[in-house]
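As a plain string of letters, each chain reads:
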Amino acid sequence: MDTGTIAAIDAGLKPDEAALVRRAVQLACEAVEIGNSPFAAVLVAADGEVLFEGSNVVAKSGDPFDHAEMHVMRAAIKQHGPARLAGATIYVNGEPCTMCAGTILRYALGRVVYAVREETLLPYLSQGTIKSYPSAPVFALAPDVTVVGGALESESLRPFEMFVARKRT
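Along its 13 residues, helix 3 (residues 68–80) runs 18 Å from first to last C-alpha, staying within 8% of the 18 Å computed at 1.5 Å per residue. When helix 3 is considered as a whole, its buried residues turn out to be A68, E69, M70, V72, M73, A75 and A76.

Okay, here's the thing in structure tokens:
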């Protein structure tokens, strides 16, 4: 995927979008505090309604597919039906993995805004048990999905720092 396809728009985030990225970061910190991985997401319908927010719950559920994006999309589908996800925006504190990226495409979300890019995550993830694969090739399959990477990245590292510190203790 052409790296120009994923826009980095810290300065271009609207105030409400910055707040949604920060909410995902807060949820990720809470996830780490209870023993989960440092990822969280907020799913917002095309009309602006927050459909669901949550975090990675793999440690709690025992389901290795319970990543933040998957957890949030499943819950939103149960509450609102799959059609409600069409055109929605998902705000995530870290770049989605390939599994989550594929699911985002499957349910026709219109926009993905994530804070910490995979290349920034790698030093944090390599110290834990998380493996990561870039999502850019998956998102390249759907040029109609807008992907914004690196939004508020520098201020969004806290959950990953907490995760590494927890693993060291």
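Right, let's talk about the pairing of strand 4 (residues 111–116) for a bit. Summarising burial for strand 4: six of the six residues are buried, a large majority. With five bridges connecting them, strand 3 (residues 89–94) and strand 4 associate as parallel partners. From the neighbouring strand, T89 faces strand 4, where its bridge partner is R111. Taken together, strand 3, helix 4 (residues 98–106) and strand 4 form a β-α-β motif whose crossover is right-handed. Relative to strand 5 (residues 146–149), strand 4 runs parallel, the two sharing four bridges. Within the sheet, the bridge partner assigned to V113 lies in strand 5 and is V148.

Thresholds applied
Residues numbered from 1 in each chain as written. Predicted model: local features only at pLDDT ≥ 70, side-chain atom pairs only at ≥ 80, totals over all residues. Heavy atoms only, no water. Helix = DSSP H or I, 4+ residues; strand = E, 2+ residues; numbered from the N terminus. Expected span 1.5 Å × (residues − 1). Buried < 20%, exposed > 50% of the residue type's maximum accessible area, 1.4 Å probe, protein only. Pairing = 2+ DSSP bridges. Right-handed = clockwise from strand over helix to strand, strands pointing away.

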